[in-house]
Amino acid sequence: AAVVMETEEQARNRFQSELEFIQCLANPNYLNFLAQRGFLRERPFINYLKYLLYWKEPEYAKFLKYPHCLHMLELLQYEHFRKELVNAQCAKFIDEQQLLHWQHYSRKRTRLQQALAEQQQQPQQPPHGNAATK
């Protein structure tokens, strides 16, 4: 069997299309669309989802704008999850859970940033046991 090497341009195009596709997996409505069209039951597509797990490696994951797509990719490895996605209510539930997570995460992050800013504004206390006080 002849091994066909990819050109640099082909590799770049594949990287770009896989990057775009994997991030689409973060959208539960898109997953519902794929499930309803039967893609999530097709062996070649399931194999492709398994192949895409390489995006979990840090050198690839750093390119992701929506890293939670990796969690969905992980769940898509399970037949039960793929079957449930046919149900629009399942997609709606996932969508709502993502929104709740982001809202909670943003509030928590804002509180942490405010606390850090307040901490940095307080005058620094000299360390105890200062030579000047002895």
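About the criteria used
Each chain has its residues counted from 1, running along the sequence as written. Predicted model: local features are reported for residues with pLDDT of at least 70 only, side-chain atom pairs are reported and counted for 80 or more only, and whole-chain, interface and lining totals are derived from all residues. Neither water nor hydrogens contribute to the side-chain values; these are computed over all heavy atoms in the structure. Starting at the N terminus, helices and strands are each numbered in turn, a helix being any DSSP run of H or I of at least four residues and a strand any DSSP run of E of at least two. Any residue under 20% of the maximum accessible area for its type is buried, any over 50% is exposed, and the rest in between are partly exposed; the area is computed with a 1.4 Å probe on protein chains only. Two residues qualify as a contact provided that any one of their heavy atoms is within 4.5 Å of a heavy atom in the partner residue. Here the accessible surface of atoms and residues is derived via Shrake-Rupley with a 1.4 Å probe, and residues count as covered only by protein chains that are part of the display. Each helix should span, by expectation, one fewer than its residue count multiplied by 1.5 Å. Think of it this way: a Phe, Tyr or Trp ring, Trp meaning its six-membered ring, pairs with another when their centres are within 6.5 Å, and the plane angle makes it stacked under 30 degrees, edge-to-face over 60, tilted otherwise. Between Lys or Arg on one side and Asp or Glu on the other, a salt bridge is scored when a side-chain nitrogen of the former is within 4 Å of a carboxyl oxygen of the latter. Axis definition: a line fit to C-alpha positions, over the contact stretch in the case of helices; interaxial angles, taken between N-to-C directions, run 0 to 180 degrees. We call two directions roughly parallel when the angle between them is under 35 degrees, roughly antiparallel when it is over 145, roughly perpendicular when it lies between 65 and 115, and oblique otherwise. For this scheme, ten residues count as nonpolar: Ala, Val, Leu, Ile, Met, Phe, Trp, Tyr, Cys and Pro. Four count as charged, namely Asp, Glu, Lys and Arg, and the remainder, Gly too, count as polar. We count Lys and Arg on the positive side and Asp and Glu on the negative side, and we leave His and both chain ends out. Residues adjacent in sequence count toward polar contacts only when both atoms are side-chain atoms; beyond that, a polar contact is any pair of N or O atoms within 3.5 Å, and within protein one must be able to donate a hydrogen and the other to accept it.

A. The arrangement of the overall build of the chain in detail. Along the backbone of the chain there are seven helices and zero strands. When the helices and strands of the chain are read in sequence order from the N terminus, they spell out α-α-α-α-α-α-α. Classification of the 134 residues of the chain by burial places 25% in the buried group. For the chain, restricting intrachain contacts to residue pairs at least 6 apart in sequence, the fraction spanning at least 24 positions comes to 68%. On the chain, roughly 10,400 Å² of surface is accessible, and the fraction owed to carbon and sulfur atoms is 56%.

B. Looking closely at helix α1 (residues 8–24). Between its first and last C-alpha atoms α1 spans 25 Å; for 17 residues at 1.5 Å apiece the expected length is 24 Å, and the two agree. Taken residue by residue, α1 has Glu18, Leu19, Phe21, Ile22 and Gln23 as its buried positions.

C. Seen up close, the packing of aromatic side chains. The tally for this structure, following the rule as stated, stands at 12 aromatic pairs. Ring centres of Phe15 and Phe63 lie 5.2 Å apart, and the angle between their planes is 85°; this geometry places the pair in the edge-to-face category. With Phe15 in helix α1 and Phe63 in the loop between α4 (58–61) and α5 (69–75), this residue pair connects regions lying 48 residues apart in the sequence. The interplanar angle of 85° and the centroid separation of 4.8 Å between the aromatic rings of Tyr54 and Tyr60 together place this pair among those described as edge-to-face. You can call Tyr60 partly exposed: its relative accessible area is 29%. Every member of this aromatic cluster is reached through a ring pair, and the members are Phe15, Phe21, Tyr30, Phe33, Phe39, Phe45, Tyr48, Tyr51, Tyr54, Trp55, Tyr60 and Phe63.

D. Just the pattern of salt bridges, in detail. This model, assessed by the stated rule, comprises five salt bridges. Its salt-bridge partner being Glu74, residue Lys56 comes within 2.3 Å of it at the nearest N-O pair. Taken together, the residues span a long stretch of sequence, with Lys56 in the loop between α3 (43–51) and α4 and Glu74 in helix α5 at a distance of 18 residues. For Lys56, a relative accessible area of 40% puts it in the partly exposed group. Using a relative accessible area of 28% as the deciding quantity, one classes Glu74 as partly exposed.

E. Spatial organisation of the packing of α1 against α3. It is at 12 Å that the axes of α1 and α3 come closest, and there the two elements cross at 100°. Taken together, α1 and α3 sit at an angle that is classed as roughly perpendicular. Contact residues: α1 offers Arg14, Glu18 and Phe21, while α3 offers Phe45, Tyr48, Leu49 and Tyr51. The class makeup of the residues in the contact of α1 with α3 is five nonpolar, no polar and two charged.

F. Region of interest: the side chain of Arg82. Tracing the chain through its elements places Arg82 in helix α6 (residues 79–84). No salt bridge forms around the buried Arg82; measuring N to O, its nearest opposite-charge neighbour Glu79 is 5.2 Å away. Here Gln77 takes part through its backbone oxygen, which lies 3.2 Å from a polar atom of the side chain of Arg82.

G. Seen up close, the environment of Ala35. Examined against the element boundaries, Ala35 turns out to sit in helix α2 (residues 28–36). We classify Ala35 as buried; its relative accessible area is 3%. Through-space distance from the C-alpha of Ala35 to that of Arg82 is 6.9 Å; in sequence the pair is 47 residues apart. Not counting residues within four places of it along the chain, the set of residues in contact with Ala35 comprises Leu40, Arg41, Arg82, Leu85 and Val86.

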